[in-house]
Amino acid sequence: QVQLVESGGGLVQAGGSLRLSCAASGGTFSNYALGWFRQAPGKEREFVATIRWDAGDIGYADSVQGRFTISRDNAKSTLYLQMNSLKPEDTAVYYCAARWFRTSDDRSDYMYWGRGTQVTVSS
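In what follows, the accompanying structure is described. Being a predicted model, the structure only gives us computed values, none of them experimental. (Residues numbered from 1 in each chain as written. Predicted model: local features only at pLDDT ≥ 70, side-chain atom pairs only at ≥ 80, totals over all residues. Heavy atoms only, no water.)

A closer look at the environment of Gly10
Part 1 of the argument: Considering the arrangement of structural elements, one finds Gly10 in strand S2 (residues 10-13).
Part 2 of the argument: Not counting residues within four places of it along the chain, the set of residues in contact with Gly10 comprises Leu18, Gln118, Val119 and Thr120. (Helix = DSSP H or I, 4+ residues; strand = E, 2+ residues; numbered from the N terminus. Contact = heavy atoms within 4.5 Å.)

As for the state of the cysteines
Part 1 of the argument: Overall, the coordinates contain one disulfide when judged by the stated rule.
Part 2 of the argument: Through a disulfide, Cys22 is tied to Cys96; the S-S separation comes to 2.0 Å. Since a negative S-S torsion denotes a left-handed disulfide, the Cys22-Cys96 link at about 50° is right-handed. In this pair, Cys22 is assigned in strand S3 (residues 18-25) and Cys96 in strand S9 (residues 92-100), connecting sequence segments 74 residues apart. For the pair Cys22 and Cys96, one class covers both residues: buried. (Disulfide = S-S within 2.5 Å. Buried < 20%, exposed > 50% of the residue type's maximum accessible area, 1.4 Å probe, protein only.)

Here's the deal with the sheet that holds strand S8 (residues 78-83)
Part 1 of the argument: The four strands lie next to each other as S1-S3-S8-S7, forming an open sheet whose pairing is antiparallel. Looking at which strands have only one partner, the edges of the open sheet turn out to be strand S1 (3-7) and strand S7 (68-73). Neighbour-to-neighbour, the strand axes of the sheet open up by a mean angle of 15°, direction not taken into account.
Part 2 of the argument: Strand direction decides the pairing type here: S3 and S8, joined by six bridges, are antiparallel. Across the sheet, Ala23 pairs through a bridge with Thr78, a residue of S8. (Pairing = 2+ DSSP bridges. Axes fitted to C-alpha atoms, helices over the stretch in contact; angles between N-to-C directions.)

Focus on the packing of aromatic side chains
Part 1 of the argument: One pass over the structure, following the stated rule, counts seven aromatic pairs.
Part 2 of the argument: On the numbers, 6.0 Å between centres and 80° between planes, the contact of Tyr32 with Tyr112 is edge-to-face. With Tyr32 in strand S4 (residues 32-39) and Tyr112 in strand S10 (residues 112-113), this residue pair connects regions lying 80 residues apart in the sequence. Like Tyr32, the residue Tyr112 is buried in the burial classification.
Part 3 of the argument: Clustering of aromatic rings is evident, with ring pairs tying together Tyr32, Trp100, Phe101 and Tyr112.
Part 4 of the argument: For the cation-ring pair, Arg45 lies above Tyr95, with the distance from its terminal atom to the ring centre recorded as 3.6 Å.
Part 5 of the argument: In this arrangement the basic side chain of Arg45 is found over the ring face of Trp113, its NZ or CZ atom lying 4.9 Å from the centre. (Phe/Tyr/Trp six-rings, centres within 6.5 Å; stacked < 30°, edge-to-face > 60°. Lys NZ or Arg CZ within 6 Å of the ring centre and 35° of its normal.)

Written as structure tokens, this is what we have:
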């Protein structure tokens, strides 16, 4: 079983940047595809980005395409999300998640979840 712990959230002004990290333990990290999801107050958890086990396939939500970059370091068992040009509508709790091998934008496909890290973007 994989344990996931997010970090790097915080308060930032609109137009600023943050980098989120997700440290994994308890499993073979390179077996998993990973995803970032987010949930704003009163809204459902939504897909942000996904990356295949070998980084050979990457996908983004339209709302973050061109602003966010997902990456992974299998040697460090860590997933990243570089977020640039942040907007107030990016404010949410960000979660990382893991599933076997292939990417997916469907949260129901993911077996393991972290507890999330808060990102707040002020206008």
